[in-house]
Amino acid sequence: MFLAISLGPVRDPDNGHAISPVVAAALCIKPRGLLTPRQARKVDALKQGSDAFAECDAWQCASTVFFGARGRKHWTPWIDDAIDSDIIPIMRFARVLRRDIDAVNNAIELPWSNGQAEGQINRLKTLKRAMYGRAGAELLRARMLPPRHTN
């Protein structure tokens, strides 16, 4: 992770323990305004102790603007800069965005969502996995279809 610097791990200013990569990643993606004072001290320590963390934090702030912007003209410079960055996960993310920029553009700009369909597909797959090897099509049909109402 990005905390592997030559000086050793970055220490928590409150208790002196090493800040784990998982905690650092969580702090990096959390908006500065939502950080508690203790978390803000950790972020400041991480920025001072790790140039890579400071760069990741800057990219996270830029990506917030990127996803909040409307229109491809705002996104193209961010993607170009991200592809040229030294941080491999950000570079990969930007390459994937560029590969499917039309889908990204539509997902951000259009009001429609396929969330309902995806939710039903997920529900079906969960049921199938739960019943795998234990029942046949009849039980699957009974669990998936609504009960028949008789008059």
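Right above here is the structure, for reference.
Now for a look at the structure at hand.

## Quick look at the overall build of the chain
For step 1, the next point in the chain: Within the chain, the secondary structure is distributed over eight helices and zero strands.
For step 2, the next point in the chain: Counting from the amino terminus, the chain carries its helices and strands in the arrangement α-α-α-α-α-α-α-α.
For step 3, the next point in the chain: Considering the chain as a whole, with its 151 residues, one finds that 28% of them fall into the buried category.
For step 4, the next point in the chain: Residue pairs at least 24 apart in sequence account for 41% of intrachain contacts in the chain once pairs closer than 6 positions are excluded.
For step 5, the next point in the chain: Accessible surface computed for the chain: about 10,800 Å², of which carbon and sulfur atoms make up 58%.

## Quick notes on the nonpolar core
For step 1, the next point in the chain: Counting residues in each nonpolar core, the largest one holds 25 residues, and the members touching the most others are Leu 46, Phe 53, Trp 59, Trp 78, Ile 79 and Ala 82.
For step 2, the next point in the chain: Contributing elements (two or more residues each) for this core: helix H1 (21-29), helix H2 (37-49), helix H3 (51-68), helix H4 (72-83), helix H5 (88-99) and helix H6 (101-109).
For step 3, the next point in the chain: In terms of residues, this core owes the most to one element, H4, which gives five residues.

## Focus on the packing of H1 against H2
For step 1, the next point in the chain: Packing of H1 against H2 leaves a shortest axis separation of 10 Å and a crossing angle of 105°. Comparing their axes, H2 and H1 come out roughly perpendicular. Every residue of H2 that contacts H1 at Val 23, Ala 24 and Leu 27 is listed here: Gln 39, Lys 42, Val 43 and Leu 46.
For step 2, the next point in the chain: Within the contact of H1 with H2, the residues separate by chemical class into five nonpolar, one polar and one charged.

## Here's the deal with the side chain of Lys 42
For step 1, the next point in the chain: Residue position: Lys 42 is located in helix H2.
For step 2, the next point in the chain: Setting aside residues no more than four positions away along its own chain, Lys 42 makes contact with Asp 12, Pro 13, Ile 19, Val 23 and Leu 27.

## Quick notes on H2
In an α-helix, one full turn covers 3.6 residues, which means residues spaced three or four apart are oriented alike.
For step 1, the next point in the chain: In this model, H2 (13 residues) spans 18 Å end to end at C-alpha, consistent with the 18 Å of a helix rising 1.5 Å per residue.
For step 2, the next point in the chain: For H2, the complete set of buried residues consists of Ala 40, Lys 42, Val 43, Ala 45 and Leu 46.

Parameters and conventions
Residue positions are given per chain, counted from 1 along the sequence in the order it is written. Where totals are concerned, whole chains, interfaces and linings use all residues; where local detail is concerned, this predicted model gives features only for residues with pLDDT of at least 70, and gives and counts side-chain atom pairs only at 80 or more. To obtain the side-chain values, all non-hydrogen atoms of the structure were included, while hydrogens and water were left out. The numbering of helices and of strands both runs from the N terminus, where a helix is a DSSP run of H or I of at least 4 residues and a strand a run of E of at least 2. Accessibility here uses a 1.4 Å probe with only protein chains present; expressed as a share of the type maximum, an area under 20% marks a residue as buried, one over 50% as exposed, and anything in between as partly exposed. In this analysis, two residues are considered to be in contact whenever any of their non-hydrogen atoms come within 4.5 Å of each other. Every accessible area reported is derived by Shrake-Rupley at a probe size of 1.4 Å, with residue values counting cover from the shown protein chains alone. The definition of a nonpolar core used throughout is a set of buried Ala, Val, Leu, Ile, Met, Phe, Trp, Tyr and Cys residues joined through side-chain atoms within 4.5 Å. For helices, the fitted axis covers only the stretch in contact; all axes are lines through C-alpha atoms, and the angles between them, taken along N-to-C directions, range from 0 to 180 degrees. Small angles under 35 degrees read as roughly parallel and large ones over 145 as roughly antiparallel, with 65 to 115 read as roughly perpendicular and the rest as oblique. Residue polarity follows a fixed list, in which Ala, Val, Leu, Ile, Met, Phe, Trp, Tyr, Cys and Pro are nonpolar, Asp, Glu, Lys and Arg are charged, and the others, Gly among them, are polar. Helix span is expected to be 1.5 Å times the residue number reduced by one.

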